[in-house]
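# Understanding the architecture of this molecule
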Amino acid sequence: MKCQKCGAEINADEAMEARGQTMCEDCYIDLAAKPKACDPWAVYSAKNLPSSGSTVNEQQSAIINYLKKNGPTPPEKLAADLGMRMDDFEREMAPLRHMEKVGARLQEGRKVICLW
Ligand SMILES: [Zn+2]
């Protein structure tokens, strides 16, 4: 027969019964010794919570810093001042908008990039 917890092959006379499951002695002791074992997965996921969703790369932080210093700026000027091509700039802008760090609005009829 098999341990229902770890799947180890066990003899019937070694089998232990606990919580309606047949298990090997190891698992039984485990269960008895740690009735409320800390869940390694809980610790793992707490330590590895996705913080990547809010990290910005170098160019993105350059855009943010530029806006902090200079205030709302037309995208063409911002890209030019940062030495970025417009298509690169737009590509970096997309996640920044998504993260609600940077937005665009109209100022005197012109589109400007500003901090969210
Ligand atoms: Zn077992």
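Residues numbered from 1 in each chain as written. Predicted model: local features only at pLDDT ≥ 70, side-chain atom pairs only at ≥ 80, totals over all residues. Heavy atoms only, no water.

## Concerning the pairing of strand β3 (residues 102-107)
Consecutive side chains of a regular strand alternate in pointing toward one face of the sheet and then the other. Counted only if it meets this: For two strands to be treated as a pair, DSSP must find at least two bridges joining them. The helix count covers DSSP runs of H or I at least four residues long, the strand count covers runs of E at least two residues long, and both are numbered beginning at the N terminus.
Note that β3 and strand β4 (residues 110-115) share six bridges and pair antiparallel. If you follow G103 over to β4, its bridge partner there is C114. In this antiparallel pair of consecutive strands, β3 and β4, the connection spans two residues, and E108 shows a positive phi of 50 degrees.

## What to know about the coordination of the zinc ion
Note the following rule: Note that water is not among the atoms considered, so a metal site may appear incomplete; the donors listed are N, O and S atoms within 2.8 Å of the metal, with 3.2 Å applied to Na, K and Ca. Under the classification used here, a metal with four donors is tetrahedral if each angle lies between 85 and 135 degrees, square planar if opposite donors are over 155 degrees apart and the others between 65 and 115, a six-donor metal meeting that same test is octahedral, and anything else is irregular. Accessibility here uses a 1.4 Å probe with only protein chains present; expressed as a share of the type maximum, an area under 20% marks a residue as buried, one over 50% as exposed, and anything in between as partly exposed.
The zinc ion binds to the protein through C3 (SG), C6 (SG), C24 (SG) and C27 (SG), with metal-donor distances spanning 2.3 Å. Geometry at the zinc ion is tetrahedral, judged from its four donor atoms and the angles of 104 to 117 degrees they form at the metal. Here the donor residues for the zinc ion map to a single chain with the spacing C-x2-C-x17-C-x2-C. Placement of C6 in the segment before β1 (16-18) and of C27 in helix α1 (residues 25-33) is noted, with a sequence separation of 21 residues between them. A residue is classified by how much of its surface remains accessible, and C27, at 10% relative accessible area, is buried.

## Describing unusual backbone geometry
Negative phi values dominate among residues other than glycine, just as trans dominates among peptide bonds. Positive phi values are uncommon outside glycine, yet R19 reaches one of about 50 degrees. Assignment of secondary structure puts R19 in the loop between β1 and β2 (21-23). For E108, which is not glycine, the phi torsion reads 50 degrees and is therefore positive. Relative to the helices and strands, E108 resides in the loop between β3 and β4.

## Some points on the confidence of the model for the protein chain
Any segment with low pLDDT has predicted coordinates that should not be analysed in fine detail. Here is the rule: Confidence of the prediction at every residue is given by pLDDT, a number between 0 and 100. Throughout, a contact is declared for two residues whenever any of their heavy atoms are within 4.5 Å.
On average, residues of the protein chain score 83 in pLDDT, and 81% of them reach the 70 mark or higher. Looking at the elements of the protein chain, mean pLDDT is at its lowest for helix α2 (residues 40-47), recorded as 48, and at its highest for helix α4 (residues 75-81), recorded as 96. Below pLDDT 50 for its whole length, residues 42-52 participates in zero contacts with residues either more than four positions away or in separate chains.

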